[in-house]
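Structural characterization, general
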Amino acid sequence: MDEAAAEIGLDPFEIRRRNLYSPGDVSSLAFRFGTCAQRECLEAVIAALKPHEKRPRGRGVGIAGLFGPGGGTRVHGNSDGCGAILKLEDDGTLQVITGGQEIGQGGTTIIAQIAAETVGVPYSGVRVENSDTNLMPWDLGTHGSRNTFVAGNAVVGAGRKLRRRIAEVAAELLETSVDDLVIAGGRVSVHGAPHRGVTIAEVARAAHYRNNGSLLIVEHFYDPPTEEPGPDGKGNKSAAYAFGFHGAEVEVDEQTGEVKVLRLVAAHDIGRAINPKGVEGQVEGGVAQGLGFALIENMFADDGTLMSNLQDYKIPVALDVPEAIETILVETRDPEGPYGAKGVAEPGIIPVAPAIVNAIADAVGVRIRDLPATPEKIVGALAARDGRR
Amino acid sequence: MKTLAYHRPATTEEACALLATFGGRARVMAGGTAVSILMKEGLLDIDHLVSLERIPLDAVTWGGGTLTIGAMATHQALVEHPLVRAHVPMLADVLAQVASRRVRNVATIGGNLCWAEAASDPPGLLMALDARVVAESVRGRREIAVRDLFEDYFTTTLAHDEIVTQVQVPAPAAAAGLSYLKFTPQSKADKPVLAVTALVRRRDGGCENAVVVVGAAGPTPLGLPDADALLRGQRLDEPAIERVAARYAEAARPVSDTRGSEAYKRQMIRVLVGRALREAWARARSTYE
C-alpha cells in the first residue's frame, strides 16, 4: 500500500483513507460487512502516532490495516456451530457446559460473564466446564477468533431458555405471571415489588422437590448465519467482521540493522469489549506474536529436521516487546454478536508485521520483503542500496 | 540403563581424590546447568559425577586490589554482592546478562569458565580484566590466567583431575574506562552472538593502555595484544579505532549459523569493537586531566 501510494503521489495515510470499507459494503469475495469502524480505527492510529512529526534520523513510522472474520468462519464444511448446556443446581450455582474450549485466551471468563448476564445470576455463582471432552457438547474449536462470538451466542441462547424456565417456576411460587418477573443478581422478584421475591436457589429446589419435578437444564446450539464460500472463494463466510489498524514507530541502527520497536498503537473494532482487560491482553499477545513474525521467528531445517528447541527457534520475550503497546478499543455493538461483541484474537497479530516493515522503510528507506526482517537483511539491503555490495 | 555414581565430597581434598581415582570417567558438577544439558542430550559418557555442592567454595573477599571469588559462587549471588558491585561493578552488570534468573540462581562462575562455551558473556570480560583461576588437584595447586584457560569449543587447558576453586579478578584502576557490548540480533534474551569487551586507560590525554576481547566469535575469546598496542600513546580517534576494529574483524573465526552469517558477524565485530572502544574511552578518566 505504501508503495502504491508513493507511485501515485499520495501519502500512505491518505491512500488508506480513500480505500476504506464502510458499514453495508460488500467485498469482492462477497463478504457482507455490517458494523465496520475501519475509519475510526485508522484515524485513531494516525492521531496517536503523529506520523507527520519530524523525527530523528533512523526513526520511522508505519501503519497497516486488517479485516478478518469476527463472527465465526464457515470454511470447515457444514458446521461452524457450538453447543451449550446450562444447568441450575439446587444451591443456585449456574453450571455452564460448552464445547468452546479455553486455550489461554480468557474464554472461560467471557463465557461466565455472558452466562451470568443472560440468566441474571452473579458472576461468582457461575461454573464453566469447557475442557472435559466426556461432557462437552459439539464445537468446531477455539480458532479463527470465534470463541466469544460462537460459544458466547450458544450460551446467550441457552441462557434465555433457562431464564424462561426459571421464570415459569418462580411465577408459580410468587403467584404472578411470567412476564411480571425480574431476574437479577441471583434473585427473582415481582416487577415493581422487589420485596416479593425468591432466590434462584429456592426456584431450583422448588423444581426438584415436588411430585413430577424437573431439572432446570437447557441446551442451545448456535451456528452463525453464514455461507460456505464456493469454489471461487466467494461467500459471506462470517457473521461479523473485525477491523483494525496498527501503527508502529521504530528505531533502526543503520550499522547493525537492529530494529527497536518503540511504540505500537493498535486500534480495533471489537464490537463490544465484554471484558476490556481481557481484550487488551488479547491484543497485546497478538502484537507480541506479530512482532515475532516480523523480526525474530525463523523456521529453518537442519538435515531435514526442523529446529527442535527454543534455544535456536527464538520467540519474543518481554525484552523484545515494546513497553508501549497502546490499545484503542472501538465499540460498534454488532447486532449478531453476543452483547454486541465480535472476535478479537487473530486481528491483534495480523497488521503487526506490515506496520513494522513499513516503519523500517520509513526510517531507513529499505523495504524488507522476506520475513523475519533480521538485522542482517536490513544491513544487506542498506549496503545494496548504497552500492556497497 | 547405565548407572551413574553421584559423589558429594565435603572437602576439596576429597573431591580431588575422587577425580584422581576415576580419571576421565568422572566429571565435576558445579551448579549443574551445563551438566544437565549434556546428560539430556546423551553427551556425557562418564561413570562418576562429582558434585561440589557440599564444599564451601562460594566466599567473596577483597584484598590487594583483587576480588577473590569462590568458584561455586552463583551468578546471581555475585550480581548482588556488595564487594563485586563496589570494586568491579562491570562484572555484576555482565553476569546479570547471562541467561535467565533461574539459570543465574544456580549457575556458578567457576562452572561458567570450565564449561568453556564460546557464546557466553563472562569469559571475555574476565580475560580483559586479567583474571586468573586457581586449579587444585592431588598434585598441587596452580594459577592459570583466564587468557590461557580456553583451548577450543567447550575445551579448557585443565587436566581431568583438576578442580577450579577460585577466580581472582583484579579490579581495573578507578580511572579506567570499561565497556561490554552483548550483541543479540535475534531476540534480546539470547546467548551473545558477539560479546565485545574494551578496557581503556588514559594518560596525558592519550591512551595509556587498551585491551579488547571479542567473545563468541570463534572457539575461544579473541584478544590481539599486538592490535591493542597500536592504540598505546594515541588519542583514540576514528582512524586509530578503525584500524584496531578491522584487525579483530579479520582475525576472528565466526561461523555462519541461524543467528547470522560469517560475513555479517565479521562486519559487526568491526562495528562493535569500534563502539566498545569509543565507549570505554569516553568513560576513562585521564590520570592527569
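None of these values were measured; they are calculated from a predicted model. (Residues numbered from 1 in each chain as written. Chains lettered and ligands numbered in written order. Predicted model: local features only at pLDDT ≥ 70, side-chain atom pairs only at ≥ 80, totals over all residues.)

**What about the overall build of chain A?**
Counting secondary structure elements, chain A contains nine helices and 13 strands. Each principal axis of the C-alpha distribution contributes one length, and for chain A these read about 90 × 50 × 45 Å. Counting only residues that meet the buried cut, chain A has 50% of its 389 residues in that class. (Helix = DSSP H or I, 4+ residues; strand = E, 2+ residues; numbered from the N terminus. Buried ≥ 20, exposed ≤ 12 C-beta atoms within 10 Å, placed from the backbone.)

**Points about the domain arrangement of chain A**
Residues and elements named next belong to chain A. On domain assignment, one finds that chain A holds domain 1 (2-74 + 232-385) and domain 2 (82-222). A C-alpha centroid distance of 38 Å is found between domain 1 and domain 2. With 23 residues of domain 1 at the contact, the number on the domain 2 side is 16 residues. Elements represented by at least two residues in the side of domain 1 that touches domain 2 include exactly strand 1 (59-69) and helix 7 (276-296). Per-class residue counts for the side of domain 1 that touches domain 2 are ten nonpolar, eleven polar and two charged. (Domains from an automatic or database assignment. Contact = placed C-beta atoms within 7 Å. Nonpolar A, V, L, I, M, F, W, Y, C, P; charged D, E, K, R; others polar.)

**Re unusual backbone geometry**
Phi is mostly negative for residues that are not glycine, and the peptide bonds are mostly trans. Along the chain, leucine 371 of chain A connects to proline 372 of chain A via a cis peptide bond; the corresponding omega equals -5 degrees. Its identity is not glycine, yet serine 145 of chain A carries a phi of approximately 55 degrees, on the positive side. Counting through the fold element by element, serine 145 of chain A comes out in the loop between strand 4 (126-129) and helix 5 (147-174). On the basis of neighbour count, serine 145 of chain A is assigned to the buried category, with 27 C-beta atoms found within 10 Å. Its identity is not glycine, yet alanine 99 of chain B carries a phi of approximately 45 degrees, on the positive side. Within the element layout of this structure, alanine 99 of chain B appears in the loop between helix 5 (89-95) and helix 6 (101-104).

**Here we look at the nonpolar core**
A general feature of soluble globular proteins is that nonpolar side chains tend to end up buried together. The biggest cluster of nonpolar side chains holds 195 residues, and the ones touching the most others in it are Ile356 and Ile360 of chain A together with Leu277 of chain B. If one sorts the elements of this core by residue count, helix 5 of chain A sits on top with twelve residues. Apart from residues lying up to four places away in sequence, isoleucine 356 of chain A is in contact with Gly62, Ala248, Val250, Val261, Ala294 and Leu295 of chain A. (Core = buried A, V, L, I, M, F, W, Y, C linked by C-beta atoms within 7 Å.)

**A few points about helix 3 (residues 38-49) of chain A**
Residue and element names in this part refer to chain A. Compared with an ideal rise of 1.5 Å per residue, which puts twelve residues at 16 Å, helix 3 spans 16 Å between its outermost C-alpha atoms and is within 8% of the ideal. Among the residues of helix 3, those classed as buried are Gln38, Cys41, Leu42, Ala44, Val45, Ile46 and Leu49. Contact partners of the buried residues in helix 3: helix 2 (12-17), strand 1, strand 9 (241-252), strand 10 (259-271) and strand 13 (324-331). The first or second residue beyond helix 3 is lysine 50, which carries a positive phi of 45 degrees. (Expected span 1.5 Å × (residues − 1).)

**Remarks on the sheet that holds strand 14 (residues 222-223) of chain B**
Residue and element names in this part refer to chain B. Across the sheet, which stays open at both edges, the four strands sit in the order 11-12-13-14 with antiparallel pairing between neighbours. Taken across any chain shown, the strands that pair with only one partner, and hence form the sheet edges, are strand 11 (177-183) and strand 14. Relative to strand 14, strand 13 (residues 206-215) runs antiparallel, the two sharing two bridges. Its bridge partner lying in strand 14, valine 214 is registered against leucine 222. (Pairing = 2+ DSSP bridges.)

**A word on the sheet that holds strand 7 (residues 140-145) of chain B**
Residue and element names in this part refer to chain B. If you walk across this open sheet you meet the five strands as 4-5-10-6-7, and the pairing is antiparallel. Edge positions in the open sheet fall to strand 4 (60-63) and strand 7, since each of these has one partner strand only. Each strand of the sheet is rotated relative to its neighbour by a mean of 20 degrees, with strand direction disregarded. Relative to strand 5 (residues 66-70), strand 4 runs antiparallel, the two being bridged by four bridges. From the neighbouring strand, threonine 61 faces strand 5, where its bridge partner is threonine 68. (Axes fitted to C-alpha atoms, helices over the stretch in contact; angles between N-to-C directions.)

**A few points about the domain arrangement of chain B**
Where interface size is quoted, it is often the accessible area lost as the parts come together. Residue and element names in this part refer to chain B. By the assigned domains, chain B splits into domain 1 (5-51), domain 2 (60-170) and domain 3 (177-283). Facing 14 residues of domain 1, the contacting portion of domain 2 comprises 17 residues. Looking at side-chain class alone, the side of domain 1 that touches domain 2 contains eight nonpolar, six polar and no charged residues.

**A look at the interface of chain B and chain A**
Listed as interface residues are twelve residues of chain B and, on the opposing side, 16 residues of chain A. A per-class count over the side of chain B that touches chain A returns five nonpolar, five polar and two charged.

**Topic: the confidence of the model for chain B**
This prediction gives chain B a mean pLDDT of 95; 98% of its residues lie at or above 70. Interface scoring of the predicted complex returns ipTM 0.91; its pTM is 0.93. (pLDDT = per-residue confidence, 0-100.)

**Description of the environment of aspartate 91 of chain A**
Topologically, aspartate 91 of chain A is positioned in the loop between strand 2 (82-88) and strand 3 (94-98). Measuring from C-alpha to C-alpha, the distance between aspartate 91 of chain A and glycine 34 of chain A comes to 42 Å, with 57 residues separating the pair along the chain.

**A word on the packing of helix 5 of chain A against helix 6 (residues 200-208) of chain A**
Residues and elements named next belong to chain A. Where helix 5 contacts helix 6, the two axes come as close as 9 Å, and the packing angle between them is 85 degrees. On the basis of the axis angle, helix 5 is roughly perpendicular to helix 6. Seen from helix 5, the contacting residues are Ile166, Val169, Ala170 and Leu173; seen from helix 6, they are Ile200, Val203, Ala206 and Ala207. Of the residues belonging to the contact of helix 5 with helix 6, the class tally is eight nonpolar, no polar and no charged. (Parallel < 35°, antiparallel > 145°, perpendicular 65-115°, else oblique.)

**A closer look at the pairing of strand 2 of chain A**
Residues and elements named next belong to chain A. Within strand 2, six of the seven residues are buried, which leaves it mostly tucked inside the rest of the structure. Examined bridge by bridge, strand 2 and strand 8 (residues 217-222) share six bridges and lie antiparallel to one another. In the strand pairing of strand 8, isoleucine 85 is matched with glutamate 219. Across five bridges, strand 2 lies against strand 3 in antiparallel orientation. In the sheet register, lysine 87 faces strand 3, and the bridge partner there is glutamine 95. What sits between strand 2 and strand 3 in their antiparallel hairpin is a turn of five residues, with glycine 92 showing a positive phi close to 90 degrees.

**With respect to the pairing of strand 4 of chain A**
Residue and element names in this part refer to chain A. Where burial is concerned, the two faces of strand 4 differ: the one with Val126 and Val128 is buried and the one with Arg127 and Glu129 is not. As paired elements, strand 3 and strand 4 share four bridges and run parallel to each other. Bridging from a neighbouring strand, isoleucine 97 pairs with glutamate 129 of strand 4. Read from strand 3 through helix 4 (residues 107-119) to strand 4, the crossover connection turns out right-handed. (Right-handed = clockwise from strand over helix to strand, strands pointing away.)

**Thoughts on helix 5 of chain A**
A rise of 1.5 Å per residue sets the reference length of helix 5 of chain A, with its 28 residues, at 40 Å; its end C-alpha atoms lie 38 Å apart and thus fit the reference within 8%. Looking at the residues trailing helix 5 of chain A, positive phi occurs at glutamate 175 of chain A, about 50 degrees.

**Comments concerning the packing of helix 4 of chain A against helix 5 of chain A**
Residue and element names in this part refer to chain A. At a minimum axis separation of 8 Å, helix 4 and helix 5 run at an interaxial angle of 30 degrees. By the angle class used here, helix 4 and helix 5 are roughly parallel. As for how helix 4 packs across helix 5, the hand of that crossing is right-handed. Across the interface between the two elements, Gly107, Ile110, Ile111, Ile114, Ala115, Thr118 and Val119 of helix 4 pack against Asn147, Thr148, Ala151, Gly152, Val155, Val156, Gly159, Arg160, Leu162 and Arg163 of helix 5. By residue class, the composition of the contact of helix 4 with helix 5 is nine nonpolar, six polar and two charged. (Left-handed = near helix turned anticlockwise from the far one by under 90°.)

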